[in-house]
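As a plain string of letters, each chain reads:
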Amino acid sequence: MASATGRRARIGHSVRSYANLVPYVFFALFPFYFMLVTSFKPNAELYNLKSIPFWIQTGVITDHYRFLFARTEFLVWIKNTLIVSVVATAVSVGLSILAGYSLARLHFRGAGTFGTAVFITYLVPPTLLFLPLSQVVVWLGISDSILALIVIYPTFLVPFCTWLLMGYFRTIPREVEECALVDGATRMQTLRKIVLPMAVPGIICALLFSFTLCWNEFIYALTFISQSAHKTAVVGVTADLIRGDIYYWGSLMAGAVLASVPIVVCYVLFLDYYVSGLTAGAVKG
Amino acid sequence: MAVGPRVLEATGFPGPGRFARIRQWWEQEHVFGYGLILPALVLLVSLVAFPFGMAIYFSLSDYWVGSPGGFVGLANYREILANEVFRQTVQNSFVFTGIALTLKTVLGVWLAVLLARDLRFKRLIRGAVLLPFVIPTALSTLGWQWMFDSLYSVVNWTAIHVGLIRPPGPNWLGQSTYAMAAVITVNVWRGLPFFAITTLAGLVAIPREFYEAAEVDGASSWGRFWHVTLPLLKPVLAVVILFSTIFTFGDFNIVYVLTRGGPVNTTHLFATLAYQIGLNGGNLGQGAAISLFMLPLLGAVVFFQLRYIRKE
């Protein structure tokens, strides 16, 4: 008898939990669903006030996507973004592994100060730096090229990754390293052969976050690049698909959906790394 | 006279000990430590600290794109303080940050509590609610812009058909109060997952015994939340709120894509105004002054938050 009421209370509890979660899930996902629907909907239906906006009544079309490939430089934008993201991520994670290990593990004067400095640069919003940096890239002679982005993106990736990796390096037991050093390994060998393999989850996490941050970056790419052929996907879609004041909503949504696909794929494959990176980046320290 | 290693070096003789000595030098903990942070340090000094100094210099000069002007003291600051648009921007920033942060905190903590429960499809639900945080903000904001369209807004369409409002409904991005509401909505939509997931991490770290003790004392579920969960969550929440304050205050993407600061500057934030004056207008000096103005305000907010946390 008691167990029956207990079970009923438990079921009631989970039903209430789900009922509470439904609005959240709807709020989170509806915009994506609506973008997807819009990108496959014929213009006649899209701009008809009498039609129901939630689904497609007059047949699915792919014209908006075809427009993207035939009439815009969408594929070039994707290629640019891919190059920038891969190179900037590789460089940044490399630098951050070295710096993160040094700050987490080695004792030297000023290590604490450097750690704080990294944390502070992590908190500096790009909003503060985009104006002077727009001049720096002119002086370096790399303005209006994807090289500018490759050079500038590490400024926000390195602080983030260093901070993230410091947390991971701290979890590796010190004894393992000491054993290697006593056995005559150099410090660099110890880092490469003992510490790095143990920090692989952290490194994957740093790679994923860096790649995502590069892919999504907006203000620097908007500021430094003006030629359409040098734009990244995010800026290309938001800036170049709007001609004058006319919004081509179908192709705009198609561009937004397609340009998000690589990130969605990474996300679905590595969900747990995103969750752990998010919590580590914000809460540790 | 014994020939020391220094003499051997001077004669260009690569003494057998030379390589070993370099290695020995490199193997010292502090040398190795400095060596490893050097590349990152060079990068951060030259591309973060130096530009930051430049921003300060810009703000004190009449520097225009293409014409490096001279030192003008605090003229830029005086000018922007007298500027009606700038004052409007300061007000917007506080309204935007204040409301968005409150909503994110309340909704985020509640979502975290729900996600912490032992439910089926837990992973799937977590994955779904985290999605807005991962997708490029500028692109998802485009989707919102379409949802807030002046003529074809799906929000209005639904509200009209449910009978909540009369047609044609509000022009979301064209009326100042509605535009602010729209910008805040998108910011909450995007920032909520960050709040929920980080709070969740703090939540699962709370030992079960605390709840059991409270249950023995006969606390209701609301009482348990208020007297056990919330106090123990405070350290995590404090950090999350601190982070979110900084990033909400410095937001650019959402406002730039959704409203460009309009209508009549009622949604401008520091970043979008600095962009408009510094880059579109070419007045780098004033643009830099506007974005630097964020610092003391942000500093004050963070200071009070930290003091509050300490006091608690």
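Residues numbered from 1 in each chain as written. Chains lettered and ligands numbered in written order. Predicted model: local features only at pLDDT ≥ 70, side-chain atom pairs only at ≥ 80, totals over all residues.

**Student:** Teacher, can you tell me more about the overall build of chain B here?
**Tutor:** The number of helices and strands found in chain B is 14 helices and 0 strands. Along chain B, from the amino end to the carboxyl end, the secondary structure elements read α-α-α-α-α-α-α-α-α-α-α-α-α-α. Compactness check: chain B gives a C-alpha radius of gyration of 27 Å against a globular reference of 20 Å for 312 residues, more than 25% above the reference. Each principal axis of the C-alpha distribution contributes one length, and for chain B these read about 105 × 65 × 40 Å. By residue count, 39% of the 312 residues in chain B fall in the buried class. For chain B, contacts bridging at least 24 residues in sequence account for 67% of all contacts bridging at least 6. (Helix = DSSP H or I, 4+ residues; strand = E, 2+ residues; numbered from the N terminus. Rg over C-alpha atoms; globule rule 2.2 N^0.38 Å. Buried ≥ 20, exposed ≤ 12 C-beta atoms within 10 Å, placed from the backbone. Contact = placed C-beta atoms within 7 Å.)

**Student:** Would you take a moment to explain the overall build of chain A for this structure?
**Tutor:** On a plain count of helices and strands, chain A comes out with 15 helices and 2 strands. Relative to its length of 285 residues, chain A is extended, with a C-alpha radius of gyration of 24 Å against a globular reference of 19 Å. Principal-axis analysis of the C-alpha atoms places the extent of chain A at approximately 80 × 75 × 30 Å. By the burial criterion, 45% of the 285 residues in chain A qualify as buried. Taking all contacts inside chain A whose residues are at least 6 apart in sequence as the whole, residues at least 24 apart take part in 76%.

**Student:** So what exactly am I meant to see when it comes to the packing of helix 9 (residues 176-204) of chain B against helix 11 (residues 221-249) of chain B here?
**Tutor:** Helix-helix packing is described using two parameters, namely the angle between the two axes and the distance between the axes. All names here are of chain B. Contact geometry of helix 9 with helix 11 gives a least axis separation of 9 Å together with a crossing angle of 155°. Between helix 9 and helix 11, the angle is such that the two are roughly antiparallel. When the axes of helix 9 and helix 11 are compared, the crossing they make is right-handed. Within the contact between the two elements, helix 9 uses N187, G191, F195, T198, T199, G202 and L203 and helix 11 uses L233, V236, L237, V240, S244 and T248. (Axes fitted to C-alpha atoms, helices over the stretch in contact; angles between N-to-C directions. Parallel < 35°, antiparallel > 145°, perpendicular 65-115°, else oblique. Left-handed = near helix turned anticlockwise from the far one by under 90°.)

**Student:** So what exactly am I meant to see when it comes to the packing of helix 5 (residues 84-116) of chain B against helix 11 of chain B here?
**Tutor:** Residue and element names in this part refer to chain B. It is at 10 Å that the axes of helix 5 and helix 11 come closest, and there the two elements cross at 140°. Taken together, the axes of helix 5 and helix 11 lie oblique to each other. Viewed along their axes, helix 5 and helix 11 form a crossing whose handedness is right-handed. Side by side, helix 5 and helix 11 meet where S93, T97, A100, L101, K104, T105 and V113 of the first sit next to F225, I241, S244, T245, T248 and F249 of the second. Residues of the contact of helix 5 with helix 11, tallied by class, amount to 6 nonpolar, 6 polar and 1 charged. (Nonpolar A, V, L, I, M, F, W, Y, C, P; charged D, E, K, R; others polar.)

**Student:** What exactly am I supposed to notice about the domain arrangement of chain B here?
**Tutor:** Interface size is often expressed as the accessible area that is lost when the parts come together. Residue and element names in this part refer to chain B. We note that the domain assignment places domain 1 (12-59) and domain 2 (85-311) within chain B. One C-alpha centre belongs to domain 1, the other to domain 2; they are set 40 Å apart. Here the residues of the side of domain 1 that touches domain 2 sort into 3 nonpolar, 1 polar and no charged. (Domains from an automatic or database assignment.)

**Student:** Is there a simple way to explain the confidence of the model for chain B in this structure?
**Tutor:** The predicted coordinates of low-pLDDT regions are not to be read in fine detail. In this model, chain B carries a mean pLDDT of 88, and residues with pLDDT of at least 70 account for 94%. Low pLDDT, under 50, characterises residues 1-5 of chain B; the predicted model gives this stretch 3 contacts beyond four residues in sequence or across chains. (pLDDT = per-residue confidence, 0-100.)

**Student:** When you look at the interface of chain A and chain B in this model, what are you seeing that I'm missing?
**Tutor:** The interface of chain A with chain B comprises 72 residues on the first partner and 70 residues on the second. Residue contributions to the side of chain A that touches chain B peak at 14 residues, all from helix 1 (residues 2-39) of chain A. Taken together, the residues that form the side of chain A that touches chain B break down as 51 nonpolar, 19 polar and 2 charged.

**Student:** Explanation requested: unusual backbone geometry in the structure shown.
**Tutor:** Where the residue is not glycine, phi is negative for most of them; where a peptide bond is considered, it is trans in most cases. All names here are of chain B. Note that the residue after P167, namely P168, is joined by a cis bond; omega there is 5°. By the element assignment, P168 lies in the loop between helix 8 (154-162) and helix 9. Backbone geometry places N265, a non-glycine residue, at a positive phi of 65°. Looking at where N265 falls in the secondary structure, it is placed in the loop between helix 12 (253-258) and helix 13 (270-280). Note on N265: 19 C-beta atoms within 10 Å, which makes it partly exposed.

**Student:** Where do I start with the environment of I165(B) in this structure?
**Tutor:** All names here are of chain B. On the secondary structure map, I165 appears in the loop between helix 8 and helix 9. A residue is classified by how many C-beta atoms lie within 10 Å of it, and I165, with 14 of them, is partly exposed. Sequence separation between I165 and N280 is 115 residues, and the spatial gap between their C-alpha atoms is 39 Å.

**Student:** Is there a simple way to think about the environment of A40(B) in this case?
**Tutor:** One can find A40(B) in helix 3 (residues 29-59). Given 27 C-beta atoms within 10 Å, A40(B) falls into the buried group. Taking C-alpha positions, A40(B) is 32 Å from L273(B), a pair spaced 233 residues apart along the chain. Sequence-distant contacts of A40(B), that is, excluding residues within four places in its chain, are made with L95(A), S96(A), L98(A), A99(A), V158(A) and T162(A).

**Student:** Even after reading the chapter, I still don't get helix 7 (residues 137-147) of chain B, so can you show me in this structure?
**Tutor:** Residues separated by three or four positions in an α-helix point in the same direction, a consequence of the helix having 3.6 residues per turn. Counting buried positions along helix 7 of chain B gives 11 out of 11 residues, so the element sits mostly inside the fold. What helix 7 of chain B keeps buried is the set T137(B), A138(B), L139(B), S140(B), T141(B), L142(B), G143(B), W144(B), Q145(B), W146(B) and M147(B).

**Student:** Is there a simple way to think about helix 5 (residues 111-123) of chain A in this case?
**Tutor:** Its 13 residues place the ends of helix 5 of chain A 19 Å apart at the C-alpha level, agreeing with the 18 Å of an ideal helix rising 1.5 Å per residue. Residues F114(A), G115(A), V118(A) and T121(A) constitute the buried set of helix 5 of chain A. End-on, the buried residues of helix 5 of chain A take up no more than an arc of 125°, which puts them together on one face. Those residues of helix 5 of chain A that are exposed and angled more than 90 degrees off the buried face are G112(A), T113(A), T116(A) and I120(A). Its buried side turned inward, helix 5 of chain A meets helix 4 (74-105) and helix 8 (154-170) of chain A together with helix 3 of chain B. (Expected span 1.5 Å × (residues − 1). Arc of directions from axis to C-beta.)

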